[in-house]
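# Survey of secondary and tertiary structure
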Amino acid sequence: MIEMIPGTVTLSTLEQIWRNGTPARLAPSARAGVEAAAAMVAEAAAGEAPVYGINTGFGKLASTKIASEDTATLQRNLILSHSCGVGEPLAEDKVRLMMVLKLLSLGRGASGVRWLVINQIEEMLARGVTPVVPSQGSVGASGDLAPLAHMTAAMIGEGEATFEGERLSGAEALKRAGLQPIVLGPKEGLGLINGTQFSTACALAGLFQALDLARASMAIASLTTDAIMGSTAPLVADIHTLRGHAGQIDVAQVMRDIMDGSEIRESHREGDTRVQDPYCIRCQPQVVGAALDVLRMAARTLEIEANAVTDNPLVLVEAGRIVSGGNFHAEYVGFAADQIALAVAEIGAIAQRRVALMVDPTLSHDLPPFLTPNPGLNSGFMIAEVTTAALMSENKHLANPCVTDSTPTSANQEDHVSMAAHGALRLAKMTANLSVILGVEMLCAAQGVEARAPLKTSTRLQDLLTMLRGEIPSLGEDRYLAPEIEAASAMVRAGRVAQAAGVEVAV
């Protein structure tokens, strides 16, 4: 169980929750602030003055005053009417992360919900009750309304949730876990569905996956460099220090360290007639280093957003005011998602060119055509390279910015939106595509390095080869490759490639 202090939670903690499914709850120190804000909301709900979302309608209906005896019905109706999501259910690890992010937002003591609402989320996390949240329906402003409504529906015994691997009604899932549905009080429904937690959870998952793949690409690019007998001169530290970008410096350092001691590299320091390698070999630090720095910028944004209060209106306890604002607008998350998408696309673009380089006998420095020992009768990695080209192109299309694609909604009350939700959602597809590109590159590079025998690669790259060949043998005669491509991609996604090569790069 992870105990969280709202406003202070780090990316590493959030990554642990996402990867391991570790339950989390708020530190008891957050309770006083939460209850103070809830008391202010209760007072406002009992009063005559209209306060948005507490005793009024929502959105374009904000001018409609709601009687105090109807405030509970108002919140329930809000959840039911807003549960309009469609599409495939969001992965459970992302739903749980979304719930944790909602805890962090509510725990700042500016949302006006009672502690029992927070406790319901904590208990659902602890007991494994996970709401079924459709992945489509949010435009990323006025909060991720539909997805968060589905989360909240399960809390009140509506909608659906999974429990112990079974998809159930929300009421049945709570019952089997020994929980009761809660009845929402004034503003609590609004506090739960206003917010950027759906978009932020998806963006964080995409970020964590992208960073894993960036690290793997450093190891695999090093293996490719040895496979085509490329030069390590472009990795010299002074080149990168003179430019000054941290990501570029870091990638060059990693690749220098990984390739240190390679017999293949030492064999062609003298007498090599090639003057320069193609950019996909020579400029890996400049391209992946730039992507790494972009991912780091996105990481800083998402860490702030994960700790932010993003619902509306906000309860300013010290000032004694309840104020409407616009923190639910997910523009920051939309920009971060677009940055991650661009980085993922570019890591894949340069990796794909290295695959193309290795299968082309006119460019691969005497490697056999398509990396097969018997070309003609066998096609080797010919179509595996085509697959990487297809996925690279798909990622280019997916990388087009989403945040610029605003459209007005809710009778023009919500007239500019962030589109952060599908900007973040596409990252799962893009990182999956990139893992395949890198997996194929690893298979090709391993085949190429083995063709240089008896010369050996570096110790760290040999460790990577040992891990790979423990599960996927070298390619001799043509065979059914699809399962092996998936297995190699799974190694990349799981972080095993970076781990085998000892790649460690901090965010």
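For every chain, the first residue of the written sequence is number 1, and numbering continues from 1 onward in sequence order. Local features in this predicted model are restricted to residues whose pLDDT is 70 or higher, and side-chain atom pairs enter the listing and the counts only when it is 80 or higher, whereas totals over whole chains, interfaces and linings include all residues. By convention in this description, side-chain values take in all heavy atoms of the structure and omit both hydrogens and water.

Let us look at the state of the cysteines. We call a pair of cysteine sulfur atoms a disulfide whenever their separation is within 2.5 Å. All told, the structure shown has 0 disulfides when counted by the stated rule. Cysteine Cys402 shares no disulfide, and the gap to the nearest cysteine sulfur, in Cys202, comes to 12 Å. For Cys402, a relative accessible area of 11% corresponds to the buried category. In this structure Cys444 is a free cysteine whose sulfur lies 12 Å from that of Cys280, the closest cysteine sulfur available. When accessible area is computed with a 1.4 Å probe and restricted to protein chains, residues below 20% of their type maximum are described as buried, those above 50% as exposed, and intermediate ones as partly exposed. Looking at Cys444, the relative accessible area reads 0%, which means it is buried.

Turning next to unusual backbone geometry. For the bond running from Asn312 to Pro313, omega is -5°, close enough to zero to count as cis. Mapped onto the elements, Pro313 comes out in the loop between helix 14 (284–306) and strand 8 (314–316). A cis amide bond, omega 10°, links Ala453 with the succeeding residue Pro454. Secondary structure elements are taken from DSSP: a helix is a run of H or I of four residues or more, a strand is a run of E of two residues or more, and numbering for both begins at the N terminus. Residue placement: Pro454 occurs in the loop between helix 17 (420–450) and helix 18 (459–469). Positive phi, normally seen in glycine, also occurs at Met229, with a value near 55°. Secondary-structure assignment places Met229 in the loop between helix 9 (197–227) and helix 10 (237–243).

With that settled, the discussion passes to the sheet that holds strand 4 (residues 130–131). When DSSP finds two or more bridges between two strands, those strands count as paired. Strand order in the open sheet formed by 3 strands is 4-6-7, and the pairing between neighbours is antiparallel. The open sheet is flanked by strand 4 and strand 7 (166–169), the only strands paired with a single partner. Pairing of strand 6 (residues 160–163) with strand 7, which is carried by 4 bridges, proceeds in the antiparallel orientation. Paired with Phe163 across the bridge in strand 7 is Glu166.

Salt bridge criterion: a side-chain nitrogen from Lys or Arg within 4 Å of a carboxyl oxygen from Asp or Glu. Counted under the stated rule, the structure contains 22 salt bridges. With a closest N to O distance of 3.5 Å, Arg25 and Glu123 form a salt bridge. With Arg25 in strand 2 (residues 24–26) and Glu123 in helix 5 (residues 115–127), this residue pair connects regions lying 98 residues apart in the sequence. Glu441 is the partner of Arg354 in a salt bridge, and the nearest nitrogen-oxygen pair spans 2.6 Å.

Before going further, it helps to examine the environment of Met124. Residue position: Met124 is located in helix 5. Along the sequence, Met124 and Ala177 sit 53 residues apart, while their C-alpha atoms lie 8.1 Å from each other. Contacts are assigned to residue pairs that have any heavy atoms within 4.5 Å of one another. Met124 has contacts with Arg96, Met99, Val129, Pro131, Ala154, Met155, Leu174 and Leu179, leaving out every residue within four places of it along the chain.

Take helix 1 (residues 11–20) next. Buried within helix 1 we find Leu11, Leu14, Ile17 and Trp18. Buried positions in helix 1, seen along its axis, are confined to an arc of 125° and lie on one side of it. Exposed residues on helix 1 whose side chains face more than 90 degrees from its buried face are Ser12 and Asn20. Those residues of helix 1 that are buried lie in contact with strand 1 (2–4), strand 2, helix 4 (92–106), helix 9 and helix 14. Directly after helix 1, the chain includes Gly21, whose backbone phi takes a positive value near 70°. An arc is given here, and it is the one of the directions from the helix axis to the C-beta atoms.

Centre distance within 6.5 Å is the pairing criterion for rings of Phe, Tyr and Trp, where only the six-membered ring of Trp is used; planes under 30 degrees apart are then read as stacked, over 60 as edge-to-face, and the remainder as tilted. Taken as a whole and judged by the stated rule, the model has 1 aromatic pair. Measuring from ring centre to ring centre gives 5.6 Å for Trp18 and Phe208, while their planes differ by 40°; the resulting arrangement is tilted. Taken together, the residues Trp18 in helix 1 and Phe208 in helix 9 connect sequence positions 190 residues apart. Neither Trp18 nor Phe208 differs from the other in exposure class; each is buried.

To get an axis, fit a line to the C-alpha atoms, keeping to the stretch in contact for a helix; angles then go from 0 to 180 degrees between the N-to-C directions. Where helix 11 (residues 246–259) contacts helix 14, the two axes come as close as 7 Å, and the packing angle between them is 125°. Between helix 11 and helix 14, the angle falls in the class oblique. Our pair here, helix 11 against helix 14, has a crossing hand that is right-handed. Across from Ala246, Gly247, Gln248, Asp250, Val251, Ala252 and Met255 in helix 11, the residues of helix 14 making contact are Gln284, Pro285, Gln286, Val288, Gly289, Leu292, Asp293 and Arg296. Only Asp, Glu, Lys and Arg are considered charged, only Ala, Val, Leu, Ile, Met, Phe, Trp, Tyr, Cys and Pro nonpolar, and every remaining residue, Gly among them, polar. Of the residues that constitute the contact of helix 11 with helix 14, the class distribution is 7 nonpolar, 5 polar and 3 charged. Orientation labels follow simple angle bins: below 35 degrees gives roughly parallel, above 145 gives roughly antiparallel, 65 to 115 gives roughly perpendicular, and whatever is left gives oblique. Handedness of a crossing follows from how the near helix is turned relative to the far one, being left-handed for an anticlockwise turn of less than a right angle and right-handed for a clockwise one.

Here we come to helix 15 (residues 331–359). Between the first and last C-alpha of helix 15 there are 43 Å, a value that for 29 residues agrees with the 42 Å anticipated at 1.5 Å per step. Counting buried positions along helix 15 yields 22 of 29 residues, so the element is predominantly enclosed. Expected span, for any helix, means 1.5 Å times one less than how many residues it has.

This part is about the side chain of Gln75. Within the element layout of this structure, Gln75 appears in helix 3 (residues 71–82). Here the side chain of Gln75 touches Gly189 through a polar contact of 2.8 Å, landing on its backbone nitrogen. The definition of a polar contact used here is a pair of N or O atoms within 3.5 Å, where within protein one atom must be able to donate a hydrogen and the other to accept one, and adjacent residues in sequence count solely through side-chain atom pairs.

So, about the nonpolar core. Counting 151 residues, the largest nonpolar core has Met4, Leu14, Leu204, Leu207 and Val497 as its most contacted members. The term nonpolar core refers to a set of buried residues drawn from Ala, Val, Leu, Ile, Met, Phe, Trp, Tyr and Cys, joined through side-chain atoms within 4.5 Å. One finds Ala44, Val51, Ile54 and Val315 within the second-largest nonpolar core, a separate group that totals 8 residues.

This part covers the environment of Asn20. With respect to the helices and strands, the residue Asn20 is situated in helix 1. With a relative accessible area of 56%, Asn20 lands in the exposed category. Taking the C-alpha atoms as reference, Asn20 lies 8.5 Å from Asp93; in sequence the two are 73 residues apart.

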